[in-house]
Amino acid sequence: MKFWRTFDIEVIKFLEGIHEIDFEIGDSFFQHFEDNELVEKGKLTARVIMKVGANLIEMDFHIAGKVTLTCDRSLEQFEQPLDFHEKMIYKYGSEEKEIDENVSMITRDTPKINVAQLIYEFILLALPLKKIHPDYRNQMDDEEYEGEGIYAYIDGQDSNDSENDSESDEDNTPVDPRWDLLKKLKNKE
């Protein structure tokens, strides 16, 4: 319980204006989340710049540091630097509910907002899809490579063959019925 309380922001105490709050994130942070298989170690700093207004609270998260990941190719561990910004908005309303992924509604008498889950989710979203150790990266791993993923399946036929079939189907010229029977046999295979 003590761990979760360290990530509470007591919004009821803050007056209108801009406030800055820092959180240190270490290895123990990631151990408090169930089903966490992606990140087990890390050293990050989360700076929350909170703008308290009359009708809403806007939180800008700047999270920077390093996390330890396991390479998808070699299963070796390596440090991945992270440095990103995220935003969350809390609007005052009649009930507490999530409106959007970046907008939540809270009541005016909500005493505190716990940001531990938010920070954890932001970190997971900032991780690269392909976790490749720096020693094993090459040109093909670059996201700018345009050829990746174009062909998922090639059946051995030219693309021109399928164009010719569609053109012949579009022609309204009568076709010998024997050819139609042969086409049906071909389609069955």
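Structure's up top.
Throughout this document, residue positions are counted from 1 along each chain, in the order its sequence is written. Reporting of local features is limited, given that this is a predicted model, to residues whose pLDDT is at least 70; pairs of side-chain atoms are given and counted only at 80 or more, and all residues count toward the totals for whole chains, interfaces and linings. Each side-chain value is derived from all of the structure's non-hydrogen atoms; neither hydrogens nor water enter the calculation.

1. Digging into the sheet that holds strand 7 (residues 103-106)
Where we set the bar: Two strands qualify as a pair provided DSSP detects at least 2 bridges between them. Elements are defined by DSSP. Helices are runs of H or I of four residues or more, strands are runs of E of two residues or more, and each kind is numbered from the N terminus. Any two residues whose heavy atoms approach within 4.5 Å at even a single point are treated as in contact. Fitting a line to C-alpha atoms yields each axis, with helices limited to the stretch in contact; the angle taken between N-to-C directions then spans 0 to 180 degrees.
The 6 strands are arranged 2-3-4-5-7-6 in an open sheet whose pairing can be described as mixed. Strand pairing shows two members of the sheet lacking a second neighbour, strand 2 (17-25) and strand 6 (97-98), which therefore form its edges. Pairing between strand 5 (residues 77-92) and strand 7: 4 bridges, direction parallel. Residue pairing in the sheet places Lys91 in a bridge with Met105 of strand 7. Across the sheet, helix 3 (residues 116-126) lies against strand 2, strand 3 (41-52), strand 4 (56-70) and strand 5, angled at about 130° from strand 5, the strand it touches most.

2. Quick notes on the packing of aromatic side chains
Applicable threshold: Only rings of Phe, Tyr and Trp enter the pairing, Trp through its six-membered ring, and a pair is recorded when the two centres are within 6.5 Å. The plane angle decides the type: under 30 degrees is stacked, over 60 is edge-to-face, the rest tilted. Type-normalised accessible area, obtained with a 1.4 Å probe on protein chains alone, sets the label of each residue: buried when under 20%, exposed when over 50%, and partly exposed for intermediate values.
Counting across every chain of the model gives 10 aromatic pairs. Note on Trp4 and Phe33: the rings are 5.4 Å apart at their centroids and 85° apart in plane angle, and the pair reads as edge-to-face. In this pair, Trp4 sits in helix 1 (residues 2-5) while Phe33 sits in the loop between helix 2 (27-31) and strand 3, placing the two residues 29 residues apart along the sequence. Residue classification places Trp4 among the partly exposed residues on the basis of a relative accessible area of 29%. Their ring planes at 65° and their centres at 5.2 Å tell us that Phe61 and Phe122 sit as a pair that is edge-to-face. Taken together, the residues span a long stretch of sequence, with Phe61 in strand 4 and Phe122 in helix 3 at a distance of 61 residues. Put simply, the rings of Phe3, Trp4, Phe7, Phe23, Phe29, Phe30, Phe33 and Tyr120 pair up and form one aromatic cluster.

3. Remarks on a negative patch on the surface
Heads up, the condition is: Like-charged residues are merged into a patch within 9 Å and nonpolar side chains (Val, Leu, Ile, Met, Phe, Trp, Tyr) within 5 Å, provided each residue has over 30% relative accessible area and no salt bridge. What sets the accessible areas is the Shrake-Rupley method with a 1.4 Å probe; for residues, cover comes only from the shown protein chains. For this analysis, a salt bridge means a side-chain nitrogen from Lys or Arg found within 4 Å of a carboxyl oxygen belonging to Asp or Glu. Within this scheme the basic residues Lys and Arg register as positive and the acidic residues Asp and Glu register as negative, but His and the chain ends are omitted. Just so you know, the charge point we use is NZ for Lys, CZ for Arg, CG for Asp and CD for Glu.
Side chains of Glu34, Asp35, Glu37 and Glu40 sit close together on the surface and give a patch of like negative charge. Secondary-structure assignment places Asp35 in the loop between helix 2 and strand 3. Judged by its relative accessible area of 74%, Asp35 is exposed.

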